[in-house]
Amino acid sequence: MDAVPPLPAAQWIAARLRPGSRRPFVLGIAGAQGSGKSTIARALAARFGCPVLSLDDLYLDGTTRQHLADTVHPLLRTRGVPGTHDVAAGLAVIEALARGPALLPRFDKVRDEPGAAERVEGPAEMLILEGWCLGARPQPEADLAEPINDLEREHDPDGRWRRWVNAQLAGPYQALWARIDQLVFLEAPCFEIVADWRTQQERAAGGPMTDAEIRDFVQHYERLTRHLLRHGREWADATLRLDERRRPIDPD
């Protein structure tokens, strides 16, 4: 399956921007791993001359996550789920851009630590924030009772990890989501396509993970991704359905 550059999606989003009075205007782009968020964000940033901040750039470093793994749950060594980001840093960047120049964090995934920050001029009229779980709301307690996949059955049988992640989503992350002025949700056709999309990313980047390792890896995000696929339309200001090749379906 070949990846298709999602430029029509960027055009669809650009046509639906409704900037308000708050500065910077924060456009959020949410969607499952591999759905094209970064490519779309870059295209929009080039069009509007604005900076981009990825949720991935807010990762806690490996040492901090190891501490979480040791003190809260071993699964928190893997970055990506709520609770493995520095949410306060994201809010601080947005506040700084409202006043003047700011340093945007950039995370070095190879070294598993923050890289050199990018200085951007300000005040900024607009910021694009992209991330796989933007806008997600916590799950009801009843939905957390049963494991959703082999990862949870083997490594989180008592639900301690998923309940802690859900509590983080209910707390600090909602403050960041509240700063998003317009949220666009890229709706994948199903969860099962996510591993294929993530595999394409890995191959394009020359990454070391095998197909089997990727399928195990995406299980960390399955619970919340399925939650988003069920409810993302309710939480987003606009939803763009994608087919298996990431092409917009019936964009009006």
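See the structure above.
Keep in mind that this is a model prediction, so the values were computed, not measured. (Residues numbered from 1 in each chain as written. Predicted model: local features only at pLDDT ≥ 70, side-chain atom pairs only at ≥ 80, totals over all residues. Heavy atoms only, no water.)

Structural notes on the sheet that holds strand 1 (residues 25-31)
Link 1 in the chain: Read across the open sheet, the five strands follow the order 2-7-1-8-9; overall the sheet is parallel. At either margin of the open sheet sits one strand with a lone partner, and together these are strand 2 (52-54) and strand 9 (238-241). In this sheet, neighbouring strand axes are inclined to one another by 20° on average, regardless of whether the strands run parallel or antiparallel.
Link 2 in the chain: Across six bridges, the pairing between strand 1 and strand 7 (residues 126-131) is parallel. Residue pairing in the sheet places I29 in a bridge with E130 of strand 7.
Link 3 in the chain: Sheet contacts for helix 1 (residues 7-14): strand 1, strand 8 (182-187) and strand 9; angle to strand 9, the most-contacted strand, approximately 160°.
Link 4 in the chain: Helix-sheet contacts for helix 10 (residues 219-235) involve strand 8 and strand 9, and the interaxial angle to strand 8 is about 150°. (Pairing = 2+ DSSP bridges. Helix = DSSP H or I, 4+ residues; strand = E, 2+ residues; numbered from the N terminus. Axes fitted to C-alpha atoms, helices over the stretch in contact; angles between N-to-C directions. Contact = heavy atoms within 4.5 Å.)

Section: the side chain of T84
Link 1 in the chain: With respect to the helices, strands and loops of the structure, T84 is situated in the loop between helix 3 (62-71) and helix 4 (87-99).
Link 2 in the chain: Residue classification places T84 among the buried positions, given a relative accessible area of 0%.
Link 3 in the chain: Dropping the residues within four chain positions of it, T84 is found in contact with L58, Y59, L60, R65, L76, T78, R79 and Y173. (Buried < 20%, exposed > 50% of the residue type's maximum accessible area, 1.4 Å probe, protein only.)

A few points about the side chain of D243
Link 1 in the chain: Mapped onto the secondary structure, D243 falls in the segment after strand 9.
Link 2 in the chain: Here R245 takes part through its backbone nitrogen, which lies 2.8 Å from a polar atom of the side chain of D243.
Link 3 in the chain: One polar contact links D243 to R247, side chain to side chain, over a distance of 2.7 Å.
Link 4 in the chain: Ignoring anything within four residues of it in the chain, the contact list for D243 reads P189, W197 and I249. (Polar contact = N/O pair within 3.5 Å; in protein donor to acceptor, adjacent residues only side chain to side chain.)

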